[in-house]
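Structure assessment
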Amino acid sequence: MAMNERFLRACRRKPVDVTPVWFMRQAGRYMPEYRLIREKYSLLEICYQPELAAEVTLQPVRALRVDAAILFADILLPVIPLGLGLEFAKGEGPVIGKPVRTMEDVAAMRPVHAETDLGYVLEAIRILRGELNGTPLIGFCGAPFTVASYMIEGGSSREFLKTKMMMYSAPETWHALMEKLSGVLSEYLVAQIRAGAQAVQVFDSWVGTLSPQDYENFVLPYSQRVLAAARAQNVPVIHFGTNTATLLPLMKRAGGDVIGLDWRIPLDDGWALLGGDIAVQGNLDPAVLFAPLSEIKTRVHDILRRADGRPGHIFNLGHGILQHTPVENVKAIVEMVHEYLPTPVVER
Ligand code: CP3
């Protein structure tokens, strides 16, 4: 099977020769060739220059022989044309200049036209489709909850207190914000698909902070809108979150052909909660990549054994690659996944 068919076939739960594998944050600071580019350009400068973003996207494809490329960009780019300001401060992570706290702040958010305001992302996609030689390209956006949490908190958060206070104390402000944001994100994701993205992932990285009830009332309809808009373009849609063991059935209802699982739930248990009629992606703990190869192998094989050769498993980590991860261990995982042969059923 052509290496470049595996990923898209698995998203559709079609049989594959070997399990496809790629990694969230497969481009990044753990790679020396990425650090070399980062010496000269900031993260946003890389995103703004399509040739550079394309080059960084290709780095892990060349180095790791993964089955898919993920566009180099960031889930927070849409907050720039919304007029909120975005900086990546050293050691602090993202900082939003004008956080959204009131109904007036929501009303002041500028309209976004993905084709022009985020045209540099679309241009990177067009360049990549010419350079990828058939390796499928994944586009992405943040899910409304996770992006809204940065917009409200003003940056990263542990407790999501301001976000939850808007939900609980000013629900009309929350719903107005989510209404606008889900429209912007839907249009952005559809524009990426039209530019050539062959699959998309919607990152709801921090949604696991919510109870199922709050997810259903405050988040699900908006995620559903973004996921449905992408699905209408006929490309596979991956719906990802972490800490989601109690949210999985609701995430499935919100949408996606593939649901991302983190390492806190065994892959087969997560898949069982979702039912057999959907694909799954995951779910190695990114910290395991710092362990000796023998330990990595045990855990990679454990995940593959739990998937049990059923169509519709894409191997990945449960969250992004961590900063000081040894590149050779990432490479070794790709080989382990591609070389894995399911234990034959013993005839009795
Ligand atoms: O290789 C890829 O996965 C594609 C590129 C990508 C980036 N960000 C580049 C980036 C992707 C898919 C993202 C998504 C993203 N961005 C998420 C969702 C995924 C997740 O990890 O949960 C989130 C929450 C963000 C927001 C964000 N961007 C944070 C919190 C940070 C700072 C934390 C850190 O690692 O420093 C960023 C910066 C960022 N985005 C980096 C990269 C490679 C850091 C490296 C750098 O500064 O050069």
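The sections below set out a description of the structure shown in this document. Since the model is a prediction, treat every value here as computed from it, not as a measurement.

Regarding the site of the ligand
As a structural note, the neighbourhood of the ligand is formed by 23 residues, with Arg 25, Tyr 34, Arg 38, Ser 205 and His 319 the closest of them. Within the backbone of Arg 25, an N or O atom sits 2.7 Å from an oxygen atom of the ligand. Between the ligand and Ser 205, the relevant distance is 2.5 Å, taken from an oxygen atom to a side-chain nitrogen or oxygen of the residue. In the complex, the protein chains occlude 89% of the 860 Å² of accessible area that the ligand would expose alone. At the level of secondary structure, the elements contributing two or more residues to the shell around the ligand comprise helix 2 (32-40) and strand 3 (93-96). The residue inventory of the shell around the ligand, partitioned by class, reads 15 nonpolar, 4 polar and 4 charged.

Description of the nonpolar core
Trp 22, Phe 23, Met 151 and Trp 174 are the most contacted members of the largest nonpolar core, which has 131 residues in total. Sort the elements by how many residues they give to this core and helix 10 (residues 171-195) lands first, with 11 residues. Sequence-distant contacts of Phe 23, that is, excluding residues within four places in its chain, are made with Leu 64, Val 66, Ile 70, Asn 316, Leu 317, Ile 321, Val 330, Ile 333 and Val 334.

A closer look at the packing of aromatic side chains
Tallying each qualifying case throughout the model produces 7 aromatic pairs. The interplanar angle of 90 degrees and the centroid separation of 5.0 Å between the aromatic rings of Tyr 48 and Tyr 120 together place this pair among those described as edge-to-face. Residue Tyr 48 is found in helix 3 (residues 43-48), and its partner Tyr 120 is found in helix 7 (residues 119-131); the two are separated by 72 residues along the sequence. A relative accessible area of 38% places Tyr 48 in the partly exposed class. Here Tyr 120 falls in the buried class, since its relative accessible area comes to 15%. Aromatic pair Phe 203 and Phe 240: ring centres 5.7 Å apart, planes at 75 degrees, arrangement edge-to-face. A residue pair is termed long-range when its members are at least 10 positions apart, and Phe 203 in strand 5 (residues 199-204) and Phe 240 in strand 6 (residues 237-241) qualify at 37 residues. Here a set of aromatic residues connected by ring pairs shows up, and it is made of Phe 140, Phe 203 and Phe 240.

Focus on the sheet that holds strand 5
The strand order across the open sheet formed by 7 strands is 1-4-5-6-7-8-9, and the pairing between neighbours is parallel. Bordering the open sheet on either side are strand 1 (69-70) and strand 9 (313-317), each of which pairs with just one other strand. Both strand 1 and strand 4 (residues 137-142) contribute to a ladder of 2 bridges, which runs parallel. Its bridge partner lying in strand 4, Ile 70 is registered against Ile 138.

A short note on the environment of Glu 216
Assignment of secondary structure puts Glu 216 in helix 11 (residues 212-231). A residue is classified by how much of its surface remains accessible, and Glu 216, at 33% relative accessible area, is partly exposed. Note: C-alpha distance between Glu 216 and Ala 279 (63 residues apart in sequence) is 22 Å. Here the side chain of Glu 216 touches Arg 253 through a polar contact of 3.2 Å, side chain to side chain.

A short note on unusual backbone geometry
What you tend to see is this: most non-glycine residues have negative phi, and most peptide bonds are trans. Cis geometry marks the peptide bond from Gly 282 to Asn 283; its omega dihedral reads -5 degrees. Take Asn 283: it is sitting in strand 8 (residues 279-284). In this model, Phe 160 sits at a positive phi of 55 degrees, which is unusual for a non-glycine residue. Locating Phe 160 in the fold gives a position in the loop between helix 8 (144-153) and helix 9 (161-169). Looking at Phe 160, the relative accessible area reads 6%, which means it is buried. We note that Asn 234 has phi near 65 degrees; this positive angle belongs to a residue other than glycine. Among the secondary structure elements, Asn 234 is positioned in the loop between helix 11 and strand 6. Given a relative accessible area of 62%, Asn 234 falls into the exposed group.

Comments concerning the pairing of strand 4
Buried residues dominate strand 4, accounting for 6 of its 6 residues. Here strand 4 shows a buried face lined by Leu 137, Gly 139 and Cys 141 and a second buried face lined by Ile 138, Phe 140 and Gly 142.

Examining the pattern of salt bridges
Across all of its chains, the model carries 13 salt bridges by this definition. The partner of Arg 305 in a salt bridge is Asp 302, and the shortest N-O contact between them spans 2.7 Å. Of this pair, Arg 305 and Asp 302 both sit in helix 14 (residues 293-307), separated by 3 residues, roughly a single helical turn. Residues participating in the shared-partner salt-bridge network are Asp 268, Asp 302, Arg 305 and Arg 306.

The rules behind these values
- Residues numbered from 1 in each chain as written.
- Predicted model: local features only at pLDDT ≥ 70, side-chain atom pairs only at ≥ 80, totals over all residues.
- Heavy atoms only, no water.
- Near = heavy atom within 4 Å.
- Polar contact = N/O pair within 3.5 Å; in protein donor to acceptor, adjacent residues only side chain to side chain.
- Areas by Shrake-Rupley, 256 points an atom, 1.4 Å probe, with all protein chains shown as cover.
- Helix = DSSP H or I, 4+ residues; strand = E, 2+ residues; numbered from the N terminus.
- Nonpolar A, V, L, I, M, F, W, Y, C, P; charged D, E, K, R; others polar.
- Core = buried A, V, L, I, M, F, W, Y, C linked by side-chain atoms within 4.5 Å.
- Buried < 20%, exposed > 50% of the residue type's maximum accessible area, 1.4 Å probe, protein only.
- Contact = heavy atoms within 4.5 Å.
- Phe/Tyr/Trp six-rings, centres within 6.5 Å; stacked < 30°, edge-to-face > 60°.
- Pairing = 2+ DSSP bridges.
- Salt bridge = Lys/Arg side-chain N within 4 Å of Asp/Glu carboxyl O.

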